[in-house]
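Next come the chains, spelled out residue by residue.
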Amino acid sequence: MRMIDYTPQLHTAQAAARLAGAFLRERFHSVKTVDASEAHDIKLRLDKETQALIVARLQQDFPEYAVLGEEGDCGHDSAPAQWVVDPIDGTVNYFYGIPIFCVSIALQVAGQTVLGCVYDPMQNECFCAIRGGEAALNGRPLRVSARSAMAEAVVFIGHGTHDGSGAQGIARFAHISAQVKKIRILGSAALTLCYIAAGRFDAYIENRIHLWDFAAARVILEAAGGCLEYEPSSADGRTGSVIAWNGALPIHDALKMN
Ligand code: IPD
Ligand code: CA
Ligand code: CA
């Protein structure tokens, strides 16, 4: 079968992510308009505005592709490919002035994610990969850590707040934190996965996450030698739980509660 080269699409994703990242960086210290505030989440006017900017840039080069975005979808089921966009991953951080958030853009063809681009505008770090190729950070190759002992590991444990996922997450948190060097919670799922790809973190476990949170970073992590298991919990497959790790840690054994 002929391999398709997705380099032009990756360049477009990078251009859109950098454009959106610059837009967010310029507004980081401004007062932000809150469109909706729930118990554990915030929706900003900027979430929507940033997605609109990304979609316009992506459609400039690939007008026939559909978009599945956290802030809304566009295009047809018959489109040859679909962008998966999270305009701000880490909105709560962004709103509270914590400079840990990113723009995440993936491309799916026939249900498979073929490329990912995650851009952290505050650090100017652009993580990218094409499936089957190398993962890169600002053009330099990336590799996961080789740490294989839980006692040496830095692990991210996140958890949702719906449907009992909070209680499960807290029990896991207590169980895992006793076994590892450190627990960290960045507040951005996509950046966390890229940090595992870069060898900074060793594992990530979260029990309620959406496709746009991890689609791009998954390609980057796997291209850097890491692993990700996703178990959907919603009928449309867009929400589920994730276990990601450097490929060396005995993460499943560590998760066993008895
Ligand atoms: C959230 C962040 C957070 C994760 C949540 C996500 P958002 O995305 O990635 O780290 O714990 O599950 O929903 O709402 O900031 O795009
Ligand atoms: Ca997100
Ligand atoms: Ca978001």
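Further up the page is the structure itself.
These remarks concern the structure in this document. Because the structure is predicted, anything quoted here is derived from the model rather than measured. (Residues numbered from 1 in each chain as written. Chains lettered and ligands numbered in written order. Predicted model: local features only at pLDDT ≥ 70, side-chain atom pairs only at ≥ 80, totals over all residues. Heavy atoms only, no water.)

One open sheet holds the 5 strands; their spatial order is β12-β11-β13-β15-β14, and the pairing between them is mixed. Because the sheet does not close on itself, it has two edges, and the strands there are β12 (182–184) and β14 (227–232). Recorded for the sheet is a direction-independent mean angle of 20° between the axes of neighbouring strands. Bridge count between strand β11 (residues 154–158) and β12: 3 bridges; the pairing is parallel. Looking at β12, one finds that Phe156 is bridged to Arg184. (Pairing = 2+ DSSP bridges. Helix = DSSP H or I, 4+ residues; strand = E, 2+ residues; numbered from the N terminus. Axes fitted to C-alpha atoms, helices over the stretch in contact; angles between N-to-C directions.)

A few words now on the coordination of the calcium ion (ligand 2). Within the protein, the calcium ion (ligand 2) binds to Asp86 (OD), Asp89 (OD) and Asp213 (OD); these donor distances fall in the range 2.1 to 2.2 Å. We note that the donor set of the calcium ion (ligand 2) lies within a single chain, spaced as D-x2-D-x123-D. A spacing of 3.7 Å is found between the calcium ion (ligand 2) and the calcium ion (ligand 3), which share Asp86 as a donor. Linking Asp86 in strand β5 (residues 82–89) with Asp213 in helix α6 (residues 211–223), this pair joins segments that are 127 residues apart in sequence. Just as Asp86 is buried, Asp213 falls in that class too. (Donors = N, O, S within 2.8 Å, 3.2 Å for Na, K, Ca; no water. Buried < 20%, exposed > 50% of the residue type's maximum accessible area, 1.4 Å probe, protein only.)

Quick look at a nonpolar patch on the surface now. A contiguous nonpolar surface patch, about 290 Å² in accessible area, is contributed by Val92, Tyr96 and Ile98. Tracing the backbone shows Tyr96 in helix α3 (residues 91–96). (Patch = residues over 30% accessible without salt bridge, like charges linked within 9 Å, V, L, I, M, F, W, Y side chains within 5 Å. Areas by Shrake-Rupley, 256 points an atom, 1.4 Å probe, with all protein chains shown as cover. Salt bridge = Lys/Arg side-chain N within 4 Å of Asp/Glu carboxyl O.)

Read across the sheet, 8 strands follow the order β4-β3-β5-β6-β7-β8-β9-β10 without closing on themselves; strand pairing throughout is mixed. What marks the edges here is a single partner per strand, and that holds for β4 (72–74) and β10 (140–141). With 4 bridges connecting them, strand β3 (residues 66–69) and β5 associate as parallel partners. Looking at β5, one finds that Leu68 is bridged to Val84. Relative to the sheet, helix α5 (residues 189–197) contacts β5, β6 (102–109), β7 (112–120) and β8 (125–130), its axis offset from that of β7 by approximately 100°. (Contact = heavy atoms within 4.5 Å.)

Turning next to the packing of helix α1 (residues 7–26) against helix α2 (residues 45–61). The geometry of α1 relative to α2 is characterised by a closest axis approach of 9 Å and an angle of 150° between their N-to-C directions. The angle between the axes of α1 and α2 places the two elements in the roughly antiparallel class. For the element pair α1 and α2, the recorded crossing hand is right-handed. Every residue of α2 that contacts α1 at Thr12, Ala13, Ala15, Ala16, Leu19, Ala20, Phe23 and Leu24 is listed here: Leu46, Glu49, Thr50, Leu53, Ile54, Arg57, Leu58 and Asp61. Residues of the contact of α1 with α2, tallied by class, amount to 11 nonpolar, 2 polar and 3 charged. (Parallel < 35°, antiparallel > 145°, perpendicular 65-115°, else oblique. Left-handed = near helix turned anticlockwise from the far one by under 90°. Nonpolar A, V, L, I, M, F, W, Y, C, P; charged D, E, K, R; others polar.)

Judged by nonpolar contacts, the single largest core of 40 residues is most densely connected at Val118, Phe127, Tyr204 and Ile220. The leading source of residues in this core is α6, at 10 residues. Dropping the residues within four chain positions of it, Tyr204 is found in contact with Phe156, Ala189, Thr192, Leu193, Ile196, Ile209, Val242, Ile243 and Ala244. Counting residues in each nonpolar core, the second largest holds 34 residues, with Tyr6, Tyr94, Cys117 and Tyr119 among its members. (Core = buried A, V, L, I, M, F, W, Y, C linked by side-chain atoms within 4.5 Å.)

Further remarks concern the side chain of Asn93. Following the sequence through the fold, Asn93 ends up in helix α3. Here Ile100 takes part through its backbone oxygen, which lies 2.8 Å from a polar atom of the side chain of Asn93. Every residue in contact with Asn93, bar those within four places of it in the chain, is listed here: Ile98, Ile100, Leu186 and Gly187. (Polar contact = N/O pair within 3.5 Å; in protein donor to acceptor, adjacent residues only side chain to side chain.)

Here we take up the environment of Arg27. In this structure, Arg27 sits in the loop between α1 and β1 (34–37). In sequence terms Arg27 and Gly225 are 198 residues apart; their C-alpha atoms lie 35 Å from each other. For Arg27, the residues in contact, after removing those within four places along its chain, are Lys32, Leu46 and Tyr94.

Let us look at the coordination of the calcium ion (ligand 3). At this site the calcium ion (ligand 3) is bound by Glu70 (OE), Asp86 (OD) and Ile88 (O), with donor distances of 2.2 to 2.3 Å. In primary sequence terms, the donor set of the calcium ion (ligand 3) follows E-x15-D-x1-I. Relative accessible area serves as the criterion here: at 2%, Ile88 is assigned to the buried category.

Another aspect to go through is the site of ligand 1. The environment of ligand 1 is made up of Glu70, Asp86, Ile88, Asp89, Gly90, Thr91, Gly187, Ser188, Ala189, Glu206, Arg208 and Asp213. Asp89 has a polar side-chain atom sitting 2.7 Å from an oxygen atom of ligand 1. For ligand 1, an oxygen atom lies 3.1 Å from a polar atom in the backbone of Gly187. Taken by itself ligand 1 offers 380 Å² of open surface, and the protein chains cover 82% of this. Those elements that provide at least two residues to the shell around ligand 1 are β5 and β13 (203–210). Top element by residues in the shell around ligand 1 is β5. It accounts for 3 residues. A class-by-class count of the residues in the shell around ligand 1 yields 2 nonpolar, 4 polar and 6 charged. (Near = heavy atom within 4 Å.)

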